[in-house]
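# Breakdown of the fold
Residues per chain, in single letters:
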Amino acid sequence: MPSQLASRPIGVFDSGIGGLTVTRALMERLPFEDIVYFGDTARVPYGVKSVATIEQFTQQIVDFLMQQEVKLLVIACNTISAVAANKIRARVNIPVIDVIDAGARNAVAVSRNHAIGVIATPTTVNSNAYARGVHALNAEARVYSQACPLLVPLVEEGWLDHAVTRMTVQEYLKPVLAEGIDTLVLGCTHYPLLKPLLAQEVGSQIRLVDSAVSVAEQVAAKLVELDLANPQRQEPTYRYYVTDIPLRFQTVGERFLGRSLKHLEMVQL
């Protein structure tokens, strides 16, 4: 019998709104799970902050989500996953799943020639976290990382199939594609929105690894393994907490989520 824990929500958090792509993948994969989302929109971006600051902010978010009695935590932010995932796991007594680990596992599973490309933000690339994650699973693998600082603003602008975005993607992909990769990890939660464009640019021979989908698969497996899948079959409850509601949050958020954003609340940590 599923425990009382099973009816608790899944907690998902990010430095801003990019993690809504992970939330969307979870909603599609696990349609009966309640979800609490937290985006630290007042203090985004985390990528330019020190490790100590990121750890401090993350601790506050995790404490908030633990008060919401979540049964599992999803770190839907590559920057936080890169610098604070281990600290979070040491702090809480519930399962923690992060986008980098999930993406690395999926990349190793699908790559045939062990040449894996990663596109991500500069902080994520500099942290070397994807390369470490991949090498821990397959020491033979070669990882080629490319920082793509311009893609996040283009995605937030909604320029998903714009000539400027296409040219930018082509420039960023040149050095990675030159390495003969057969797998490309989308190492930022904004990038799933560019999947159609990226697929056209890399061609059908290269597998795209969407960390959001990888996370949803890992969460689904973990809930089954621990008998924590929500037994209810009603419409789930989704709650969204942010530390600021910027002007375009609703429009950008709904684009990421693929549905309307209801039950949005502002909190101060």
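Within each chain, residue numbers correspond to sequence positions counted from 1 in written order. In view of the model being predicted, local features appear only for residues whose pLDDT reaches at least 70, and side-chain atom pairs are presented and counted only at 80 or more, with totals across whole chains, interfaces and linings using the full set of residues. In computing side-chain values, all of the structure's heavy atoms are included and hydrogens and water are not.

### Some points on unusual backbone geometry
Of note, the bond from V44 into P45 is cis; its omega dihedral lies within 30 degrees of zero at 0°. Mapped onto the fold, P45 is located in the loop between strand 2 (35-39) and helix 2 (51-67). Unlike most non-glycine residues, E69 shows phi in positive territory, near 55°. Here a helix means four or more residues in a row that DSSP labels H or I, a strand means two or more in a row labelled E, and each is numbered from the N terminus. Examined against the element boundaries, E69 turns out to sit in the loop between helix 2 and strand 3 (72-75).

### Considering the environment of A102
Looking at the secondary structure, you find A102 in helix 4 (residues 99-110). A 1.4 Å probe rolled over the protein chains alone gives each residue an accessible area, and that area as a share of the maximum for its type sets the label: buried under 20%, exposed over 50%, partly exposed in between. Judged by relative accessible area, A102 falls into the buried class, the value being 3%. Taking the C-alpha atoms as reference points, A102 and V12, 90 residues apart in sequence, are found 14 Å from one another. With residues up to four places along the chain from it excluded, the contact list for A102 reads S214, V215 and Q218. Contact between two residues is taken to exist if any of their heavy atoms lie within 4.5 Å; hydrogens are not considered.

### Quick notes on the sheet that holds strand 5 (residues 115-120)
The four strands lie next to each other as 6-5-7-8, forming an open sheet whose pairing is parallel. At either margin of the open sheet sits one strand with a lone partner, and together these are strand 6 (142-147) and strand 8 (207-210). Strand-to-strand, the axes of this sheet are offset by a mean angle of 25°, without reference to chain direction. At least two bridges found by DSSP between two strands are what make those strands a pair. Relative to strand 6, strand 5 runs parallel, the two sharing six bridges. Pairing of A120 across the sheet is with A147, part of strand 6. In the packing of helix 9 (residues 195-202) onto the sheet, contacts are made with strand 5, strand 7 (183-187) and strand 8, and the angle to strand 8 comes to roughly 155°. The axes are straight lines fitted to the C-alpha atoms, using for helices just the contacting stretch, and the angles between their N-to-C directions are given from 0 to 180°.

### A closer look at the nonpolar core
Counting 54 residues, the largest nonpolar core has L26, V74, L184 and V219 as its most contacted members. With six residues, the top contributor of residues to this core is helix 10 (residues 211-225). Residues contacting V219, with those up to four places away along its chain left out, are I10, L26, L30, L72, V74 and I97. Listed in part, the 23 residues of the second largest apolar core include Y46, V62, V70 and V96. Definition of nonpolar core: a set of buried residues of the types Ala, Val, Leu, Ile, Met, Phe, Trp, Tyr and Cys, connected through side-chain atoms within 4.5 Å.

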